Amino acid sequence: MNKIERNRWVNTVVGEVLSAMVSDEVLRDALIFKGARVLNMHLGDDRQSLDVDSNFTAEFAEGHPDLDARRSWTEEHLGRAVRNNFENQNPVRFTLESMKVQRDPNSDPHPLGWDGLKASIRVTDEKNGGVRGLPAIEIDIASPELLGEGAVIPLSIDGHTMRGYTLQRIAGEKLRAFLTSLPAYRTKINSPVRAPRVKDLHDEARILRRLPIDDEAFWKKASEEFILACKSRYVDCSGLETFQESCNVTKEAYEMDATLAGIPFEEVEDALIKIVRLFEQFEVFPLRFTLPA
């Protein structure tokens, strides 16, 4: 199985796992879905999605404060949902081989309360019975975040209704996500340096293609969600200069990622400038959030 075949296979299984999660009422009530697959639903795209991204609801987190109990709860309900989904296939193609749910971070509670979970699911596939070492499917469940009014809407998938982020929320959160990968923020929260999250900039350009900058109602709401997303993770931003920190590193990382070739970096850079300049008109900046003691 080459890389293209591998990614196509992962995309298929991710769709099955997401369907399993959404078909389970208990999981639906505990989670808000986001990430690439939800973005694709908003944009009408069928691009590959290689994992499942979600957040716990604030209500669930408050009702399950013990982190180990939260992990055990998720492992139990996620495992049941995936098994039921696979067993209901006709004919049965996938079988749950193993599943491991770990706390993230995996040892002590996060000092800022950002305790999430990472699940790794391995399956066997009747259509690829001779393939060894099929990749695991990854599921991220992050801690709750501040959300604006209307940031979550019902989305339909396989006859079930799940809660997912609006496109405005995704647009605001992706800008925040990129900032969290830059050196200034990594230093602020005393975390290791990481590669710039260039895919978030790519997705922002995709959104701008669909919702042009003169759609001020959309981008005004996106700017409000950006503020809330930054506040949730104590992300500071002075404006364009903050986004352009280590711009040469960002450009190099973007151009080295073959999966982003559909949108040139020049368009991504121009999209970012347009959006941030409009946010300046909305008087979004500066944003400053002091870390708790």
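Counting restarts for each chain, with residues numbered from 1 along the sequence as it is written. With the structure being a predicted model, the display of local features is reserved for residues of pLDDT at least 70 and the display and counting of side-chain atom pairs for 80 or more, all residues being used for whole-chain, interface and lining totals. Neither water nor hydrogens contribute to the side-chain values; these are computed over all heavy atoms in the structure.

J.: Explanation requested: the layout of surface pockets in the structure shown.
T.: Unoccupied space between atoms shows up once a probe the size of one water molecule is rolled over them. The definitions used throughout rest on a 1 Å grid laid over the protein atoms alone, on which a cavity is an enclosed set of points accommodating a 1.4 Å probe that cannot get out and a pocket is an open set flanked by protein within 12 Å on both sides along at least five of seven lines; lining residues are those having an atom within 4 Å of a point. Grid points are joined across faces, edges and corners, and a volume is the space filled by probe spheres set on the points. Computed from the structure, the second largest pocket encloses a volume of approximately 160 Å³. Along the walls of the second largest pocket sit Gly113, Trp114, Ser143, Pro144, Glu145, Leu146, Ser232, Arg233 and Tyr234, which together make up its complete lining. Gly is placed with the polar residues, together with every amino acid not listed as nonpolar (Ala, Val, Leu, Ile, Met, Phe, Trp, Tyr, Cys and Pro) or charged (Asp, Glu, Lys and Arg). Of the residues that constitute the lining of the second largest pocket, the class distribution is four nonpolar, three polar and two charged.

J.: Please clarify how the nonpolar core should be interpreted in this entry.
T.: Across soluble globular proteins, nonpolar side chains show a tendency to be buried alongside one another. If you look at the biggest cluster of nonpolar residues, it comprises 82 residues, and the most contacted ones within it are Ile121, Trp219, Phe226, Phe243 and Phe279. Every helix listed is a DSSP run of H or I at least four residues long, and every strand listed is a run of E at least two residues long, numbered separately from the N terminus. Top element by residues in this core is helix α1 (residues 3-23). It accounts for nine residues. Within this scheme, the nonpolar core is defined by two criteria: the residues are buried Ala, Val, Leu, Ile, Met, Phe, Trp, Tyr or Cys, and they are joined through side-chain atoms within 4.5 Å. Only protein chains enter the accessibility calculation, which uses a 1.4 Å probe; a residue whose area is less than 20% of its type maximum is buried, one above 50% is exposed, and one in between is partly exposed.

J.: Got a minute to help me understand empty space enclosed by the protein in this structure?
T.: This structure, assessed with the given rule, holds three cavities of 30 Å³ or more. Here the largest cavity is characterised by a volume of approximately 110 Å³. Lining the largest cavity, in full, are Phe178, Leu201, Phe243, Gln244, Cys247, Thr250, Phe265, Val268, Glu269 and Leu272. Elements that contribute at least two residues to the lining of the largest cavity include exactly α11 (247-256) and α12 (265-281). With four residues, the top contributor of residues to the lining of the largest cavity is α12. Here the residues of the lining of the largest cavity sort into seven nonpolar, two polar and one charged. Those elements that provide at least two residues to the lining of the second largest cavity are α1, β1 (31-34), α3 (35-43) and β2 (51-56). In terms of residue class, the lining of the second largest cavity is built from five nonpolar, two polar and four charged.

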